[in-house]
Amino acid sequence: MRPILMKGHERPLTFLKYNRDGDLLFSCAKDHNPTVWYADNGERLGTYRGHNGAVWCCDVSRDSGRLITGSADQTAKLWDVQSGQQLFTFNFDSPARSVDFSVGDKLAVITTDPFMELTSAIHVKRIAKDPADQTGESLLVIKGPQGRINRAIWGPLNRTIISAGEDCIIRIWDSETGNLLRESDKESGHKKTVTSLAKSADGSHFLTGSLDKSAKIWDSRTLSLIKTYVTERPVNAVAMSPLLDHVVLGGGQDASAVTTTDHRAGKFEAKFYDKILQEEIGGVKGHFGPINALAFNPDGKSFSSGGEDGYVRLHHFDQDYFNIRI
């Protein structure tokens, strides 16, 4: 399994996302330019130019026609995937941290950071079929959680929004009314900032990663805790295999501690866990800094990782991987 090294970003990676067909990989970084790559050979297809700040997050529509990005320049932008043209800009009063298209791509949820005296918020926007009809108004704005909301995604059938962030609590909101439906339990929940959140392929459960050196799987409807994976370093990124019962966790120390440790200490591995047995089954080394982003190809036969070192590493699994048994 020789990784393909994809160098196109000048700053640390923040997010990776495959399209539904699994032939394109979108990467976001702190260098203002979201990039799209061919997912099989790692060739760069193009960049989306227009943001003036770090790009934190992106999502691509089901038909791979539209891309939405959220940036520290206090905007979220809609793009035409093929041409790279900007279709619309949503303006906010604080940085846009997380973006996620609903099933059907008619809605998007965008979270904004706390800024000056503003609290963090979750915004639901309608996405028009024709870019000319697009407006910037929010259908719903949810405020409440303390600290930054690092990630918000749609729950089953778009009926709920699942959010998590700095206050360690995972919340499920009603996407129509904005009412809080469920909160994760303080005892069984994370003890430090939740950095990442990934949905399973069927949407029935989701995985969260946290600086408390653990990752947890939760039921999307009841918010009951299903599994916990314990590591020896803070978790910045999580991903779930759509094909096998595997969970991948990526992380590393804080940026301040990076220069004082040898990269061979193996702290920058993507670690694979057995989803059911919660045991570590392997690791993939390679990055020269903490792993900030992970994504599985929808076919489950490859995955990519993005690091603080500015590289995207694309790994195609060989046959041995599919024969792993504990």
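(A) Spatial organisation of a nonpolar patch on the surface. Where nonpolar side chains cluster on the molecular surface, the patch consists of Phe-115, Met-116 and Leu-118 and spans about 320 Å² of accessible area. Assignment of secondary structure puts Phe-115 in the loop between β11 (107–112) and β12 (121–126).

(B) Just the pairing of strand β14 (residues 149–154), in detail. Burial analysis of β14 places 6 of its 6 residues in the buried class, which makes it a mostly covered element. As paired elements, β14 and strand β15 (residues 160–165) share 5 bridges and run antiparallel to each other. For Trp-154, the partnering residue across the bridge sits in β15 and is Ile-161. Hairpin connection, β14 to β15: the antiparallel pair is bridged by 5 residues, and Leu-157 has positive phi, about 60°.

(C) View of the sheet that holds strand β7 (residues 66–71). One open sheet holds the 4 strands; their spatial order is β6-β7-β8-β9, and the pairing between them is antiparallel. Two strands lie at the open edges of the sheet, namely β6 (55–60) and β9 (86–91), each paired on one side alone. For this sheet the average axis-to-axis angle between neighbouring strands, irrespective of direction, equals 15°. Pairing of β7 with strand β8 (residues 75–80), which is carried by 5 bridges, proceeds in the antiparallel orientation. Residue pairing in the sheet places Thr-69 in a bridge with Lys-77 of β8.

(D) Main features of the nonpolar core. Counting 25 residues, the largest nonpolar core has Phe-26, Leu-67, Ile-68, Phe-90 and Ile-110 as its most contacted members. Looking at this core, the elements with two or more residues in it are β3 (24–29), β6, β7, β8, β9, β10 (96–101) and β11. The dominant element in this core, judged by the number of residues it contributes, is β6, at 4 residues. For Phe-26, the contacting residues outside a window of four places in its chain are Phe-15, Leu-16, Lys-17, Asn-19, Thr-35, Val-36, Tyr-48, Cys-58, Val-60, Leu-67 and Val-81. Membership of the second largest hydrophobic core comes to 13 residues, among which are Val-248, Val-284, Ile-291 and Tyr-321.

(E) Region of interest: the side chain of Thr-231. For Thr-231, the location among the structural elements is in the loop between β21 (225–230) and β22 (235–240). Residue Thr-231 is classed as buried on the basis of its relative accessible area, which comes to 10%. Among the polar contacts made by the side chain of Thr-231, one reaches the main-chain carbonyl oxygen of Arg-233 at a distance of 2.8 Å. Those residues within four positions of Thr-231 in sequence are excluded, and the remaining contacts are Lys-213, Leu-249 and Tyr-273.

(F) Summary view of the sheet that holds strand β27 (residues 302–307). Spatial strand order, β1-β28-β27-β26: 4 strands in an open sheet with antiparallel pairing. Looking at strand neighbours, the two that pair on one side only are β1 (4–7) and β26 (291–296), the edges of this open sheet. The sheet shows a mean angle of 20° between the axes of neighbouring strands, direction not considered. For β27 and strand β28 (residues 311–316), the ladder comprises 5 bridges, and the chain directions are antiparallel. For Gly-306, the partnering residue across the bridge sits in β28 and is Val-312.

(G) Examining the packing of aromatic side chains more closely. According to the stated counting rule, one finds 14 aromatic pairs in the structure shown. For the pair Phe-272 and Tyr-321, a centre-to-centre distance of 5.9 Å together with 75° between the ring planes defines the contact as edge-to-face. Of the two residues, Phe-272 sits in strand β24 (residues 270–274) while Tyr-321 sits in helix α2 (residues 319–322), which places them 49 residues apart along the sequence. Residue Phe-272 is classed as buried on the basis of its relative accessible area of 5%. Judged by relative accessible area, Tyr-321 falls into the buried class, the value being 7%. Taking the centre distance of 6.3 Å and the plane angle of 85° together, the rings of Phe-317 and Phe-322 count as edge-to-face.

Scoring rules and cut-offs
- Residues numbered from 1 in each chain as written.
- Predicted model: local features only at pLDDT ≥ 70, side-chain atom pairs only at ≥ 80, totals over all residues.
- Heavy atoms only, no water.
- Patch = residues over 30% accessible without salt bridge, like charges linked within 9 Å, V, L, I, M, F, W, Y side chains within 5 Å.
- Areas by Shrake-Rupley, 256 points an atom, 1.4 Å probe, with all protein chains shown as cover.
- Salt bridge = Lys/Arg side-chain N within 4 Å of Asp/Glu carboxyl O.
- Helix = DSSP H or I, 4+ residues; strand = E, 2+ residues; numbered from the N terminus.
- Buried < 20%, exposed > 50% of the residue type's maximum accessible area, 1.4 Å probe, protein only.
- Pairing = 2+ DSSP bridges.
- Axes fitted to C-alpha atoms, helices over the stretch in contact; angles between N-to-C directions.
- Core = buried A, V, L, I, M, F, W, Y, C linked by side-chain atoms within 4.5 Å.
- Contact = heavy atoms within 4.5 Å.
- Polar contact = N/O pair within 3.5 Å; in protein donor to acceptor, adjacent residues only side chain to side chain.
- Phe/Tyr/Trp six-rings, centres within 6.5 Å; stacked < 30°, edge-to-face > 60°.

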